[in-house]
Amino acid sequence: INNKQIAFVGMASATSATSLTTAAAAIASKRVVLVGPGVLDENGAAKSGAYAAVAVAALVAQNSDIADDLDTAPVPGLTGIEKAADGLPIFRIKVVSGSAVNDFETLLQGGVSPLRNGRTGGVEITHLRTTYTTDTTYDALMTRLIVDQLFIDVRTYCEQQKFLRRGNTQKTRDDLAAGVAALLTARNNWLLPITQPDGNTGYAVSVIASTDNRQVTVGYQGQVVRGISTILVDAQLVIPA
């Protein structure tokens, strides 16, 4: 299911953590989100992971805030997730041979975006990530979308302000660089500035002419920060006798 140049996929047959992580490793794409497990629709009928992927893709498409990771967001139209033979959710936090096992964390580390039963009913997202796990660059799907959207916004700005129709002079290039810097500053909830070589904070915007002065290359830098979905609790509970 294509959404903003991202493909959402799910396995059609019964799933397991092993089969999903194996599939994610085989895909290993910065533009593919693997959703699982299967789900129950609004009538309680069992549906495959592919159905779940469609539901998640629709939710992402309707999300108007690209800085919103949709972590813990409820997925409309779903009432539960796939169950194992023992009647319990197929993925859960459990104890195996005396040790705690968090299926959701295992799946996320393996490049899968698992769904879980919602805390108030229905189904909710845990965390959306791409299947790319070589490094943590696209651990959050929204990082990929933000990078793409910033490129589109900068390109659109250059075209709409008619910079591409002006003389390729230093004045034009300086104006273009200032405009792109202002645009990125307005997107600072998406992209944080960095410390530039001159020691000042900014986006290191550069506009460099080609040797024949027929083209310019626009460059910029910044840091996309995602991931506050995990809350670690350090508490002590004292119960008086």
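Preceding this paragraph is the structure being described.
One structure accompanies this document, and this report is about it.

About the cut-offs
- Residues numbered from 1 in each chain as written.
- Predicted model: local features only at pLDDT ≥ 70, side-chain atom pairs only at ≥ 80, totals over all residues.
- Heavy atoms only, no water.
- Helix = DSSP H or I, 4+ residues; strand = E, 2+ residues; numbered from the N terminus.
- Buried < 20%, exposed > 50% of the residue type's maximum accessible area, 1.4 Å probe, protein only.
- Salt bridge = Lys/Arg side-chain N within 4 Å of Asp/Glu carboxyl O.
- Core = buried A, V, L, I, M, F, W, Y, C linked by side-chain atoms within 4.5 Å.
- Contact = heavy atoms within 4.5 Å.
- Pairing = 2+ DSSP bridges.
- Axes fitted to C-alpha atoms, helices over the stretch in contact; angles between N-to-C directions.
- Parallel < 35°, antiparallel > 145°, perpendicular 65-115°, else oblique.
- Left-handed = near helix turned anticlockwise from the far one by under 90°.
- Nonpolar A, V, L, I, M, F, W, Y, C, P; charged D, E, K, R; others polar.

## Notes on unusual backbone geometry
Right, on to step 1. Cis geometry is adopted by the peptide bond preceding P37, which originates at G36 and carries an omega value of 0°.
Right, on to step 2. Secondary-structure assignment places P37 in the loop between strand 3 (32-36) and strand 4 (39-41).
Right, on to step 3. Residue L70 is not a glycine yet carries a positive backbone phi of 65°.
Right, on to step 4. Judged by its relative accessible area of 6%, L70 is buried.

## Focus: the pattern of salt bridges
Right, on to step 1. Under the defined criterion, the tally for this structure stands at nine salt bridges.
Right, on to step 2. Residues D86 and R92 are paired through a salt bridge, measuring 3.6 Å at the closest nitrogen-oxygen approach.
Right, on to step 3. Among the salt bridges present, the one from R119 reaches E124, with a minimum N-O distance of 3.3 Å.
Right, on to step 4. For R119, a relative accessible area of 64% corresponds to the exposed category.
Right, on to step 5. Within this structure, R31, R144 and D148 form a network of salt bridges that share partners.

## Thoughts on the nonpolar core
Right, on to step 1. Core analysis: the largest hydrophobic core is formed by 41 residues, its most contacted members being F8, V56, V60 and L115.
Right, on to step 2. Those elements that place two or more of their residues in this core are strand 2 (6-10), strand 3, helix 2 (49-62), strand 6 (78-81), strand 10 (123-125), helix 4 (141-160) and helix 5 (170-186).
Right, on to step 3. When residues in this core are grouped by element, the largest group, eight residues, is from helix 4.
Right, on to step 4. Apart from the residues within four sequence positions on either side, V56 is in contact with F8, V35, V75, L115, I125 and L128.
Right, on to step 5. If you look at the next biggest cluster of nonpolar residues, it comprises eight residues, including A24, L34, I90 and F91.

## Considerations on the sheet that holds strand 5 (residues 46-47)
Strand pairing in a sheet takes place through backbone hydrogen bonds and is either antiparallel or parallel in direction.
Right, on to step 1. The sheet built from three strands is open, its strands ordered 5-4-6 with antiparallel pairing. Every interior strand has two partners, whereas the edge strands, strand 5 and strand 6, have only one.
Right, on to step 2. Relative to strand 5, strand 4 is paired through two bridges, and the arrangement is antiparallel. Its bridge partner being in strand 5, L40 is matched across the sheet by A46.
Right, on to step 3. Each of strand 4, strand 5 and strand 6 is contacted by helix 2, which is oriented at about 70° to strand 4, the strand it contacts most.

## With respect to the packing of helix 4 against helix 5
Right, on to step 1. Put simply, helix 4 and helix 5 touch, their axes get as near as 10 Å, and they point 140° apart. The orientation of helix 4 with respect to helix 5, classified from their angle, is oblique. Note on packing geometry: the crossing formed by helix 4 with helix 5 is right-handed. Packed against helix 4, whose contacting residues are L150, D153, V154, Y157 and C158, the element helix 5 presents L176, G179, V180, L183 and L184 at the interface.
Right, on to step 2. A class-by-class count of the residues in the contact of helix 4 with helix 5 yields eight nonpolar, one polar and one charged.

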